[in-house]
Amino acid sequence: MQIVHQTPSVDLTTSSPRDIAADLLVIPIFDTDALADLPDLLKAADGEIDAARGRGEFKGKPYELFLTTLRGWQARRVALVGLGPKKDFSPDRLRRAAITGALAARGRGMTRIAIVHRPDTGVGAELAAQLFAEGAIIGNYDGASYRTTDPPRVWLASVAIAVADSAAGSAIDSAAAERGLERGRVLGESTNVARELANEPGNSLTPRVFADRAAALAKAAGLGVDVFDEKKIADLKMGLLLGVARGSSEPPRLVVLTHEPKGAPKGPVLGLIGKGITFDTGGISIKPAENMDKMKDDMSGGAAVLGAMIAISRLKAPVRCVAVIPMSENMPGGRAVKPGDVLTSAEGKTVEILNTDAEGRLVLGDAVWYARQLGATHLVDVATLTGACVVALGKTTTGLFGTPDTWVEQVRKASDRAGDRSWPMPVWDDYKELFKSEIADFGNTGGRAGGAITGALFIKEFIGELPWVHMDIAGTAWAEDAKPYQPKGATGVAVRTLAELALDAASWTSRT
Ligand code: BES
Ligand code: MN
Ligand code: ZN
C-alpha cells in the first residue's frame, strides 16, 4: 500500500491575521468583498490586491486564485480564493475553497498554511472550522503514489484556522469550534482512507488484502470486525457472490463491521453495503481493452462504506450501524460463471446470468440480504454500478434510487451537507419486465435502456420491505480532470454522505 495522503496538524488560532506564522495565508472571499475591514492587509500587499481587482486579474469567481506577497506580516504570502457571488453561496464553497488553498500551497512547495474565515458568509465558527479542516486534509492527497522519478511530493505540515475576525473582537464559542475542527479532521481523514484504497492497483489490492486492510483500519477506529472467508461465504449459501468469484484464483471475502454506541436504543440500525470488486474485467462478457485499467476502482463503494464507518465510530454517531462489504475479483477464468448460467442467492432467489459484467448487483444482492439478517432497519448501498448512470448524470452527480421518498430525501440532504452531489432517479416497478428470465426468477441485466434503473431494481429484489437507498457512484468515484478544488483520481465520494446520515440520525430515526 502506497502513501497517498498525510494528515497535517490542524489547529484553531485566535491570533489576528497579521500575526499568524505560515507560508501562505488563505482567505476565501466573495466577489464583492472589498476587504475594507482589513486595511492593514491591503497595505501589507502594497496595493496589489486592489490593483489586481481593478484590472480584472482577480474577479472572485468560484475557486479563482490570486497570490501576492505581504510585507511586515508573519505570513509572507496571501492567497485570495474566490467564493463567487453571495447569492450562490452554500457552505460547501468554504470546503472547496480550503481544498483550493491547500492544493495551491502544495503546488508551490509551501507546507504551512492558515485559513481565515470572513465574517460575511453567515457560517458559524463550528461549521467553518469543520469545513476548513476537512478541505485542507482532502487537499493533502496525491494519487501518484508509485512514481519514483518525480520530485518529492510536498505535504502540508500544519494548518492554522482562524474562524473569527479577532480584530473585530467578536467572541467565538471555542468549545464548539474545537468540535467542528475534530469533525472536519475525521471526515477529511476518512475520505482520504477511502481514496487511498480506491487508488490502489488491482494486483496489490486483492480481495484478501482489501479485507485485511479494512479489518485493521476498522479495529483501530474501535469498530467490531468480522471477516468471512470463502468457506464461511459458502456456508451462508451466498451463491451470487461465489458465482462472481469463480472466475478468479483469488478467493472472495465478506467484511462485516459494527458500530454499537453505548446507550443507543436497539433500533433503528443503519445498514451500509458497499460494492467491493477489486478488479472488474467483465468476466466472460469481457470489457473492451480501452479504459479497463480504471476498473481497479470498482471497490470504491466498499471503500466509502469503510471510510464512513471509521468516521461514524470516531465521531461516536448516536445510532447503531452495521456494514457489509462483499469483496471479489470479476475475472474470466476457466471456472468462471458463463452467460446462461443460473445462480441461487443466499435468500433463495434464482438469477439467470445474461451478462457476467453485471456483477456488482450480484454481490450486492447477497450482501444486502445479509445486512437484513444482521438486523439492519434502514439500508443504503453504494456502488460503481453502471455506465448508464454516468450517461444519465455525468461525472459530478451520484444517482440516488430507493424507497420511500422520505428516506431518499434524507440521503440527498446528507449528501448536500457533505459536499457530495446526488440526485434522485425513479425505481418504478414498470422497469422490472426489462430483466425477466425464461428460466429463473429474473435475469441480471435489462439491456441499455434505463440501465441504471434496472441495476437498482435488481438490488431492490433483495431488500424486502426496508427503507433503502442505492447510490450509483460509477461517475463520481473517480475524477478524470483536475479542478482547483479536486485533484485527479479517487474522490472518496459517499464517505461523508454516509457519515452525515449517521451523525444526523436524530432527524430521521423518528420519521422514516
Ligand atoms: N463496474 C461497472 C460499472 C462502471 C462502468 C463503473 C463505467 C465505472 C465506469 C459494472 O460492473 C458494469 O460493468 N456494469 C455494466 C452493466 C451492464 C452489463 C448491464 C455496464 O454499465 O455496462
Ligand atoms: Mn462489471
Ligand atoms: Zn463492476
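Note that this is a predicted model, so its numbers are computed, not measured. (Residues numbered from 1 in each chain as written. Chains lettered and ligands numbered in written order. Predicted model: local features only at pLDDT ≥ 70, side-chain atom pairs only at ≥ 80, totals over all residues. Heavy atoms only, no water.)

**So, the overall build of the protein**
Helices and strands together make up the secondary structure of the protein, namely 15 helices and 20 strands. For the protein, whose C-alpha radius of gyration is 24 Å, the value lies close to the compact-globule estimate of 24 Å for 512 residues. If one aligns the C-alpha atoms of the protein with their principal axes, the spans along those axes are about 80 × 50 × 40 Å. Expressed as a percentage of its 512 residues, the buried residues of the protein come to 59%. Intrachain contacts of the protein at a sequence separation of at least 6 include 78% that bridge at least 24 residues. Positive and negative side-chain charges in the protein, numbering 59 and 62 respectively, have mean positions lying 2 Å apart. (Helix = DSSP H or I, 4+ residues; strand = E, 2+ residues; numbered from the N terminus. Rg over C-alpha atoms; globule rule 2.2 N^0.38 Å. Buried < 20%, exposed > 50% of the residue type's maximum accessible area, 1.4 Å probe, protein only. Contact = heavy atoms within 4.5 Å. Lys, Arg positive; Asp, Glu negative; His and termini not counted. Charge placed at Lys NZ, Arg CZ, Asp CG, Glu CD.)

**Quick look at the coordination of the zinc ion (ligand 3)**
The zinc ion (ligand 3) binds to the protein through Lys275 (NZ), Asp280 (OD), Asp298 (OD) and Glu359 (OE), with metal-donor distances spanning 2.0 to 2.4 Å. Each of the 6 donor atoms bound to the zinc ion (ligand 3) contributes to angles spanning 78 to 174 degrees, and the resulting shape is octahedral. Within one chain, the residues donating to the zinc ion (ligand 3) are spaced in sequence as K-x4-D-x17-D-x60-E. The metal-metal distance between the zinc ion (ligand 3) and the manganese ion (ligand 2) is 3.1 Å, with Asp280 coordinating both. With Asp298 in the loop between β10 (276–280) and α9 (300–314) and Glu359 in the loop between β13 (350–352) and α10 (360–373), the pair connects residues that are 61 residues apart, well separated along the chain. An identical accessibility class is assigned to Asp298 and Glu359; each is buried. (Donors = N, O, S within 2.8 Å, 3.2 Å for Na, K, Ca; no water. Tetrahedral: all angles 85-135°; square planar, octahedral: opposite > 155°, others 65-115°.)

**A short note on the environment of Thr111**
Looking at where Thr111 falls in the secondary structure, it is placed in the loop between α3 (92–107) and β5 (112–116). A residue is classified by how much of its surface remains accessible, and Thr111, at 26% relative accessible area, is partly exposed. Along the sequence, Thr111 and Asp11 sit 100 residues apart, while their C-alpha atoms lie 14 Å from each other. Look past the residues within four positions of Thr111 in its chain and what remains in contact with it is Asp23, Val154, Trp155, Leu156, Ala157 and Ser158.

**Topic: the sheet that holds strand β6 (residues 158–162)**
Ordered in space as β1-β6-β5-β2-β4-β3, the 6 strands form an open sheet in which the pairing is mixed. Here the strands that pair on one side only, and so sit at the sheet edges, are β1 (9–12) and β3 (65–69). For this sheet, the mean inter-axis angle between neighbouring strands, taken without regard to orientation, is 20 degrees. For β5 and β6, the ladder comprises 5 bridges, and the chain directions are parallel. (Pairing = 2+ DSSP bridges. Axes fitted to C-alpha atoms, helices over the stretch in contact; angles between N-to-C directions.)

**A short note on the site of ligand 1**
In the region of ligand 1, 15 residues are neighbours, and Lys287, Asp298, Asp357, Glu359 and Gly387 sit closest. Contacts to ligand 1 include Asp357, whose side-chain N or O atom sits 2.8 Å from an oxygen atom. At 3.3 Å from a nitrogen atom of ligand 1 is found a main-chain nitrogen or oxygen belonging to Thr384. Mapping ligand 1 onto the cavity grids shows that it belongs to the largest pocket. Of the residues contributing to the shell around ligand 1, the split by class is 3 nonpolar, 5 polar and 7 charged. (Near = heavy atom within 4 Å. Polar contact = N/O pair within 3.5 Å; in protein donor to acceptor, adjacent residues only side chain to side chain. 1 Å grid on protein atoms, 1.4 Å probe; cavity = no way out; pocket = protein on both sides within 12 Å on 5 of 7 lines; lining within 4 Å. Sits in = over half its atoms within 2 Å of the grid points. Nonpolar A, V, L, I, M, F, W, Y, C, P; charged D, E, K, R; others polar.)

Function cannot be inferred from these measures alone, as they are strictly geometric.
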